[in-house]
Number of protein chains: 4
Amino acid sequence: MVDRVVEAAERVLQDVDYQQASTNRIAAAAGVSPGSVYQYFADKDEIVEAVLTRMSDRLAGVIVPALHRAAPLDPASRTRVIVEAVIDALEGEAGLLRALIDRIPTIEQRQAVNAIRARAEETVYQSLAAMPGRVCDSELDRATWMIVELASYLPVRYVLDRPPIAREAFVEDLVDLILRIGYGP
Amino acid sequence: MVDRVVEAAERVLQDVDYQQASTNRIAAAAGVSPGSVYQYFADKDEIVEAVLTRMSDRLAGVIVPALHRAAPLDPASRTRVIVEAVIDALEGEAGLLRALIDRIPTIEQRQAVNAIRARAEETVYQSLAAMPGRVCDSELDRATWMIVELASYLPVRYVLDRPPIAREAFVEDLVDLILRIGYGP
Amino acid sequence: MVDRVVEAAERVLQDVDYQQASTNRIAAAAGVSPGSVYQYFADKDEIVEAVLTRMSDRLAGVIVPALHRAAPLDPASRTRVIVEAVIDALEGEAGLLRALIDRIPTIEQRQAVNAIRARAEETVYQSLAAMPGRVCDSELDRATWMIVELASYLPVRYVLDRPPIAREAFVEDLVDLILRIGYGP
Amino acid sequence: MVDRVVEAAERVLQDVDYQQASTNRIAAAAGVSPGSVYQYFADKDEIVEAVLTRMSDRLAGVIVPALHRAAPLDPASRTRVIVEAVIDALEGEAGLLRALIDRIPTIEQRQAVNAIRARAEETVYQSLAAMPGRVCDSELDRATWMIVELASYLPVRYVLDRPPIAREAFVEDLVDLILRIGYGP
DNA sequence: TATGAATGAGGATTCATTCAT
DNA sequence: CATGAATGAATCCTCATTCAT
C-alpha cells in the first residue's frame, strides 16, 4: 500500500506540476481514498520524501555494484566504470528526475539526496587518498568536492538536456576532467 | 509600477516559501492593490518570469563588461577574468538565487535563464573557434556545452553551498578544467 | 459584511450543533463565499468570539442603563432593579444563550464573557463597599464572588430551564439571597 | 471492555480538546481497535454518555452515603453535611468536570446529568416537606428548584474556579443561603 | 468476537483572479 | 487607471464509521 501510493506519486509528479500534485490526486492515482494515504504518511512532505528515497535506492542499486566492480581497476578505468554507471542509473530515472530537479520546493526534503551525496563524498575521498601520484593532502577536500559536483551534475544535465554529444565522447571528457582534478593540473 | 511589483516579488520570494509567495502578499509588499498587479502581469507566472529576467539582466550587467575586458587577453587570463566575473555576479544574487534554484516549479518559466544560456553558448563558441591550438572543429559543440555547464553550474554551487574551499583555489581549478576542455586532453 | 457574517453565525449556532456550525455553513447562511469570511476573521474562533462580543454588548445595553437607574435607590430596590434587568436582558438572548452555554469548547474564547464578569465584579464590589451595615471588609471579596455567581447563574438557569416559578417570586428570592450575602447571616 | 474504553475516554477527554478526542484516539488509549469500540457503543455520543454516567455514579457514591449520615441531623447540620459531601465529590472529579463543563456540545447527551438532578430534587423536596417551620406548601417547588440550583452550581464553580475563598467560609455561606430558602425570608 | 486497514465526506483555510466602483 | 472586496475552487488533512478477515 505504501508502495502503491509512492508509485502513484511518482506517476503524478511526472504528469503534472509539483504544485498540482495534490494529495487527493495522488490518492486517486493510487486507487485509494485520501484518508488512507494518511495512515502511511504523516503529511505530503513524507510522500515526496519517500519518492526521493525510492529513487535514491534505485540509483544506488545501479551505482553501488559498479563501485565494487570498479574497485580493483586502475584509476582511469575505475573512474570510467563509475561514470558509466552513474549515467546508466540516471537514464533509468530521467522522467522522475526531470520532475523533481528544480521542482522540489524545500531543501529540507532532500535528506535522501543528501544521503547519496555523503556516500559519494566518502567514496571519492577514499579513492583519492589511495591513489598514487594524486593531489597533495591539503587539497583532498577541494578535489573531493569538485569531483562530486562534476560527477553528479554533469551527468544529470547530460541525461536531462540530451545535448547532441555522443555518450562515449561525453564520458571520455568527464573522466578526463575528474582525473585532472585528482592528479592536479 | 512594474518595477515596484517585481522588486516586491524579489523581496517576498527571499522571505517566504515559494508556495506562500502569493500574489496578494506580493501586491501588499509593493504597496499596491492585488487588482493593479493584473494590469501589468497576466498571471503569477509572469511575475516570476519578470523576476528572473531582472536577475538575468543584473547578472549580465556584471558579466558582459568582463567579457569585453577579457576579449584582448590570452585564453588563460581571459577565462580567469570571466570566471571571476561569473562568481562575482552570482555572489551578488545569492539570496534570490537560493530562493529560486530548487524552487521554480516549472521549467517553462525559465525563458530568461535560457536566454542567458544562449548568450553564453554563443560567446564560448566564438571564443573557442578563435583560439589557437584548440580542439578540432568536430568537437566545438561538445566543448561548448561542457564549458557552459562547468562555468555556470559549478560557480552556482560554490556560491550557494559555500564549501570550505578558498575562492582562488576554486577559480584556479575551474579555469584549468575549462582550458582542458578547450584544448582537449 | 462583518455584521452579515456574525448574524449568520448566530443563526447557524442556534440551528445546529456547535460542531456542525462550520465556516462554510456560516458563509452560506450569510450569502457570502467561504473566502470572504476570512477577510474579516482570522479563523473560526474569531467568529465565535465576535458572536459572544455582540451578545455581551446587547446584554450590556440592557443592564448598564439599569445600573444607572438603580444607583440612587436603596440597596433592596437597587438590587431588585438590577436583577430584573439581568433577567430581561437574558430573556432577549435565550436562543443564542442556549446555543452557547455548555457548547463553547474552549474557555479561551470567553474574553467577552470575562469582560462582562469583570465589570460585574467591579460594580458589585463598589456597591457593597458603600453599603451601610454590610459585611465586614475582610469578607468583601467573598461576598462579591458569591453575589456575582448568584446574580449571573441563577437568572441564566431560570431563563433557559423555564421552571414553573413565577418571575416575581424568583426575583424576590434572588434579591433576598443577594441581600443576605451583602449583610451577612 | 466497556470499562476499558470508558476509562480511556475519561483520560483522553482530560488530556485533549473535546474536538480532538476522537474515537480512534480513545480506542488507542484503551489498547483496543477502533472497530471493537463499535461493538459496545453505537456511536461516539454513547461513549461520552457512558463517561457522564460513570462520573455521576462516582458522585453519587460520595453523596448518597452523606445523605444517609445526614438524615437524622437537624436541618442546619444536615445541610452542611450534604454540602460538604457535594464539594468533596466534585473535587474528586475536578479534572473530568473541567473537561466536560463548557465542552459537551449537545445538551441531549446529558441524560446522566438529568438523572442526578432528578434524584437531587426528590431528596430536597422530601427533606423540605418534613422540615418544621419551613416555607409553605405552595412554595415547595420553588424552594426545591432554587436549592438544587444553589447546591449544584455554586460548588461546581467553587471547585472549578478556585476563588480565593476559604472552604469553610464558602460552606457556611452556602448553607446559610439554602436554609434561608428553606425557611423563607 | 476482535481486528485494523480502508473509507470518503467534510472541515478550516488559502489564493489566483475578477469586477464594480 | 487603480482599487480592494469578493470570489470559489482547490488544498491538506481529520475522523466517525465500516467490513473483510
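This is a predicted model, so every value here is computed, not measured.

What counts, and where the lines are drawn
Residues numbered from 1 in each chain as written. Chains lettered and ligands numbered in written order. Predicted model: local features only at pLDDT ≥ 70, side-chain atom pairs only at ≥ 80, totals over all residues. Heavy atoms only, no water. Helix = DSSP H or I, 4+ residues; strand = E, 2+ residues; numbered from the N terminus. Buried < 20%, exposed > 50% of the residue type's maximum accessible area, 1.4 Å probe, protein only. Contact = heavy atoms within 4.5 Å. Lys, Arg positive; Asp, Glu negative; His and termini not counted. Charge placed at Lys NZ, Arg CZ, Asp CG, Glu CD. Near = heavy atom within 4 Å. Polar contact = N/O pair within 3.5 Å; in protein donor to acceptor, adjacent residues only side chain to side chain. Nonpolar A, V, L, I, M, F, W, Y, C, P; charged D, E, K, R; others polar. Expected span 1.5 Å × (residues − 1). Phe/Tyr/Trp six-rings, centres within 6.5 Å; stacked < 30°, edge-to-face > 60°. Lys NZ or Arg CZ within 6 Å of the ring centre and 35° of its normal. Core = buried A, V, L, I, M, F, W, Y, C linked by side-chain atoms within 4.5 Å. Salt bridge = Lys/Arg side-chain N within 4 Å of Asp/Glu carboxyl O. Axes fitted to C-alpha atoms, helices over the stretch in contact; angles between N-to-C directions. Parallel < 35°, antiparallel > 145°, perpendicular 65-115°, else oblique. Patch = residues over 30% accessible without salt bridge, like charges linked within 9 Å, V, L, I, M, F, W, Y side chains within 5 Å. Areas by Shrake-Rupley, 256 points an atom, 1.4 Å probe, with all protein chains shown as cover. Left-handed = near helix turned anticlockwise from the far one by under 90°.

Caption draft 1: Structural context of the overall build of chain A. Helix and strand counts for chain A stand at nine helices and zero strands. Each helix and strand of chain A, ordered N terminal to C terminal, gives the series α-α-α-α-α-α-α-α-α. Dimensions of chain A, computed from the C-alpha atoms along their principal axes, are close to 60 × 35 × 25 Å. Counting over 185 residues, chain A shows a buried share of 49%. For chain A, long-range pairs separated by at least 24 residues make up 69% of all intrachain contacts whose partners lie at least 6 apart in sequence. Between the centroid of the 20 positive side chains of chain A and the centroid of its 28 negative side chains there is a distance of 3 Å.

Caption draft 2: The arrangement of the protein's contact with DNA strand F in detail. Near DNA strand F there are 32 residues, and of these Y38(A), S36(B), Y40(B), Y40(C) and T23(D) occur at the shortest range. Of all DNA strand F atoms lying within 4 Å of any protein atom, the proportion belonging to sugar or phosphate reaches 61%. Here a base nitrogen of DNA strand F sits 3.1 Å away from a polar atom, N or O, in the main chain of G35(B). Contributions of two or more residues to the surface near DNA strand F are made by α2 (23-29) and α3 (34-37) of chain A, α3 (34-37) of chain B, α3 (34-37) of chain C together with α2 (23-30) of chain D. Grouping the constituent residues of the surface near DNA strand F by class yields 10 nonpolar, 18 polar and four charged.

Caption draft 3: Region of the structure containing the protein's contact with DNA strand E. In the neighbourhood of DNA strand E, 30 residues make up the surrounding shell, with Y40(A), T23(B), Y38(C), S36(D) and Y40(D) lying closest. Across the atoms of DNA strand E situated within 4 Å of the protein, the share located in sugar and phosphate is 62%. Here Q19(B) contributes a backbone N or O atom positioned 3.4 Å from a phosphate oxygen of DNA strand E. Between DNA strand E and Y40(D), the relevant distance is 2.6 Å, taken from a phosphate oxygen to a side-chain nitrogen or oxygen of the residue. When contributions to the surface near DNA strand E are tallied by element, the ones reaching two or more residues are α3 of chain A, α2 (23-30) of chain B, α2 (23-29) of chain C together with α3 (34-37) of chain D. Tallied by class, residues from the surface near DNA strand E come to eight nonpolar, 18 polar and four charged.

Caption draft 4: Here's a closer look at the side chain of R142(A). Following the sequence through the fold, R142(A) ends up in helix α8 (residues 140-161). R142(A) sits in the buried class, given a relative accessible area of 12%. Of note is the side chain of R142(A), whose polar atom sits 2.3 Å from the side chain of E139(A). Setting aside its immediate chain neighbours within four residues, R142(A) contacts I165(B), A169(B), F170(B) and D173(B).

Caption draft 5: How the structure looks around helix α1 (residues 2-15) of chain D. Residues and elements named next belong to chain D. For α1, with 14 residues, the first-to-last C-alpha span of 20 Å sits near the 20 Å given by 1.5 Å per residue. V5, V6, A8, A9, E10, V12 and L13 are the residues of α1 that are buried. Contacts from the buried residues of α1 go to α2, α3, α4 (44-70) and α6 (94-100).

Caption draft 6: Region of interest: the packing of aromatic side chains. As enumerated under the stated definition, the model contains 14 aromatic pairs over all chains in all. A centroid spacing of 6.0 Å and a plane angle of 75 degrees characterise the contact between F170(A) and W145(B), whose relative ring orientation is edge-to-face. Of this pair, F170(A) sits in helix α9 (residues 167-183) while W145(B) sits in helix α8 (residues 140-161), placing the two residues on different chains. Three or more aromatic residues joined by ring pairs make a cluster, and in this case those are W145(A), Y158(B) and F170(B). The ring of Y18(D) has K44(D) sitting right over it, with the charged end atom 5.0 Å from the ring centre.

Caption draft 7: Structural view of the environment of T23(D). All names here are of chain D. Its location among the elements puts T23 in helix α2. On the accessibility criterion, T23 (17% relative accessible area) is buried. Residues T23 and S138, 115 residues apart in the sequence, show an inter-C-alpha distance of 49 Å.

Caption draft 8: Highlighting unusual backbone geometry. Not every positive phi belongs to a glycine, and R162(A) is a case in point at roughly 45 degrees. Inspection of the secondary structure puts R162(A) in the loop between α8 and α9.

Caption draft 9: Structural detail: the nonpolar core. Of all hydrophobic cores here, the largest spans 121 residues; its most connected members are L150(A), L154(A), F170(A), L150(B), L154(B) and F170(B). In contact with F170(A), other than residues within four places in its own chain, are I87(A), L154(A), P155(A), Y158(A), I165(A), R142(B), W145(B) and M146(B). Core analysis: the second largest hydrophobic core is formed by 120 residues, V135(C), L174(C), L13(D) and I165(D) among them.

Caption draft 10: Looking closely at the pattern of salt bridges. Residues and elements named next belong to chain A. The full count for this structure, using the stated rule, is 64 salt bridges over all chains. D137 serves as the salt-bridge partner of R134, at 3.0 Å between the closest nitrogen and oxygen. For R134, a relative accessible area of 25% puts it in the partly exposed group. Residue D137 is classed as exposed on the basis of its relative accessible area, which comes to 57%.

Caption draft 11: Region of interest: the packing of helix α4 (residues 44-70) of chain A against helix α7 (residues 111-129) of chain A. Residues and elements named next belong to chain A. In contact at an axis separation of 8 Å, α4 and α7 are set at 20 degrees when each is read in the N-to-C sense. Here α4 lies roughly parallel to α7, going by the angle between them. Side by side, α4 and α7 meet where E49, L52, T53, S56, L59, A60, V64 and L67 of the first sit next to Q111, A112, V113, I116, R119 and T123 of the second. Its residues placed into classes, the contact of α4 with α7 shows eight nonpolar, four polar and two charged.

Caption draft 12: Broad picture of a nonpolar patch on the surface. A cluster of nonpolar side chains, contributed by M1(A), V2(A) and Y40(A), occupies part of the molecular surface with about 260 Å² of accessible area. Summarising the element assignment, Y40(A) is placed in the loop between α3 and α4.

Caption draft 13: The arrangement of the chains, seen in detail. One finds no contact linking chain A with chain C; the least C-alpha distance across the pair is 20 Å. Chain B shows no contact with chain D. Their nearest C-alpha atoms sit 28 Å apart.

Caption draft 14: Local environment of the packing of α7(A) against α8(A). All names here are of chain A. For the pair α7 and α8, interaxial distance at closest approach is 9 Å and the crossing angle is 125 degrees. The angle between the axes of α7 and α8 places the two elements in the oblique class. As for the relative orientation of α7 and α8, their crossing is right-handed in sense. Contacts from R117, A120, E121, V124, Y125, L128 and A129 of α7 reach α8 at L140, D141, A143, T144, W145, I147, V148 and E149. For the contact of α7 with α8, the residue count by class is 10 nonpolar, one polar and four charged.

Purely geometric stuff here, so don't read any function into it on its own.
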